Amino acid sequence: MPREKILFAGGGTTKSWKVLLALRILAFIATLAAAIVMGLNKETKTLVVATIGTVPIKATLTAKFQDTPAFVFFVIANAMVSFHNLLMIALQIFSRKLEYKGFRLLSVAILDMLNATLVSAAANAAVFIAELGKNGNKHAKWNKVCDRFSIYCDHGRGALIAAFSGVILMLLVSAVSISRLSIYSNKSSTSTAAAVASP
Amino acid sequence: MAKLTKRIGALVLRLAAFGAALAALIVMVTSRERASFFAVSLEAKYTDMAAFKYFVIANAVVSVYSFLVLFLPKESLLWKFVVVLDLLMTMLLTSSISAALAVAQVGKKGNANAGWLPICGQVPKFCDQVTGALIAGFVALVLYVLLLLYSLHSVVDPFLLQKS
């Protein structure tokens, strides 16, 4: 049974380990990029607010991400998910022997699922608020923001694209973690059953 | 016998999740209010905001999916897909609730920096119904997380949890 020998000797040689590591690195990069780009998103502009007679009154307005709670949630959630991915990458690389001990595979699978839902919630909230900023809303009489602060909107768009690719990658990571969990538990149950059956 | 009670428990949970998602859908769709002041008539309905439309669509998808899985026989090979689909539905639910909540928060408090005024003062009943739909959606989400953990437990061999 060469496959079982490899499985019980520790990770690092199976194909799913390599696929998982690659996916995790990509997800880490994507969510970190999203958090950083949105976190540094700020634009200051001097606009003419009103005109008294012939003298235009200028006001300096700043668009920053802290204005909108959805964007604050976006930055925090993406930072958390990228930290989770970093932790899991470190765990995968540095402790291959303890891969199959106890609840480790189960807790990794559950944490991956929770983080996938977290990043999807953050990305979605931010995209709907960004759509409001881009198109405005006639019914609620909310005017557009993007025609005046175009650099702010461009950076936000880039962060959102990174976050959505992070969502897809986290979904794939969760799927691979769940399949590793099921492969290992099926293998261990059949091997133990075989050991019990043949004394 | 324990297996039967577990299976009945899972069915009850899925029925409850189906009911909660359906309730969220119905409450959001029937939220509509007309307010008029100074001969200007303002009607607020859920189609005004894209996030509320997405909330309705997501809850509809989740309701239909839960209804279909209720009838899945126990020994079917499709249970492995049910785990990943449950995860997908949970992600859909969280994203819809979070989007609707973000937009509803702007509607309630406004956004001073963007010059967006809150609208809840003019259409309070609409705001209350949207809040009710969001609470029902949150209940559906909690039930779906439990269902996800249960599907994971039933697909992956339970032997894993008995291992020391």
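Everything that follows concerns the structure shown earlier in this document.
Residues numbered from 1 in each chain as written. Chains lettered and ligands numbered in written order. Predicted model: local features only at pLDDT ≥ 70, side-chain atom pairs only at ≥ 80, totals over all residues. Heavy atoms only, no water.

K.L.:
What is the right way to look at empty space enclosed by the protein in this model?
P.N.:
Empty space among the atoms becomes visible once a probe the size of a water molecule is rolled across them. Residues and elements named next belong to chain A. This model, assessed by the stated rule, comprises 3 cavities of 30 Å³ or more. Considered as a void within the structure, the largest cavity measures approximately 110 Å³ in volume. Breaking the lining of the largest cavity down by element, the ones donating at least two residues are α2 (15-39), α3 (69-94), α4 (104-135) and α5 (150-197). By residue number, the principal contributor to the lining of the largest cavity is α4, which donates 4 residues. (1 Å grid on protein atoms, 1.4 Å probe; cavity = no way out; pocket = protein on both sides within 12 Å on 5 of 7 lines; lining within 4 Å. Points joined across faces, edges and corners; volume = space filled by probe spheres on them. Helix = DSSP H or I, 4+ residues; strand = E, 2+ residues; numbered from the N terminus.)

K.L.:
Just checking my understanding: could you explain the pattern of salt bridges for this structure?
P.N.:
Should the charged atoms of two oppositely charged side chains come close, the side chains can pair. Across all of its chains, the model carries 5 salt bridges over all chains by this definition. In this structure, D154(A) engages R157(A) in a salt bridge whose closest nitrogen and oxygen atoms are separated by 3.2 Å. Highlighted residues: D154(A) and R157(A), both in helix α5, separated by 3 residues, approximately one helical turn. Assessed through its relative accessible area of 41%, R157(A) is described here as partly exposed. Its salt-bridge partner being D86(B), residue R14(B) comes within 3.0 Å of it at the nearest N-O pair. You can see R14(B) sitting in helix α1 (residues 2-29) and its partner D86(B) sitting in helix α3 (residues 79-109), a full 72 residues away along the chain. When sorted by exposure, R14(B) lands in the same class as D86(B), which is buried. (Salt bridge = Lys/Arg side-chain N within 4 Å of Asp/Glu carboxyl O. Buried < 20%, exposed > 50% of the residue type's maximum accessible area, 1.4 Å probe, protein only.)

K.L.:
What am I meant to see in the pairing of strand β1 (residues 42-52) of chain A here?
P.N.:
For a regular strand, the rule is simple: side chains alternate between the two faces of the sheet. The pairing of β1(A) with strand β2 (residues 55-64) of chain A spans 10 bridges and is classified as antiparallel. In the strand pairing of β2(A), E43(A) is matched with A63(A). (Pairing = 2+ DSSP bridges.)

K.L.:
Explain the packing of aromatic side chains to me, please; I cannot follow it from the model alone.
P.N.:
Describing an aromatic ring pair means giving the distance of the ring centres and the angle of the ring planes. Counted by the stated rule, this structure contains 5 aromatic pairs over all chains. When the centroid spacing of 5.7 Å and the interplanar angle of 25 degrees are considered together, the rings of W142(A) and W116(B) count as stacked. Of this pair, W142(A) sits in the loop between α4 and α5 while W116(B) sits in the loop between α3 and α4 (124-155), placing the two residues on different chains. For the pair shown, W142(A) and W116(B) are each scored as buried. Three or more aromatic residues joined by ring pairs form one cluster here, namely F18(B), F67(B) and F71(B). (Phe/Tyr/Trp six-rings, centres within 6.5 Å; stacked < 30°, edge-to-face > 60°.)

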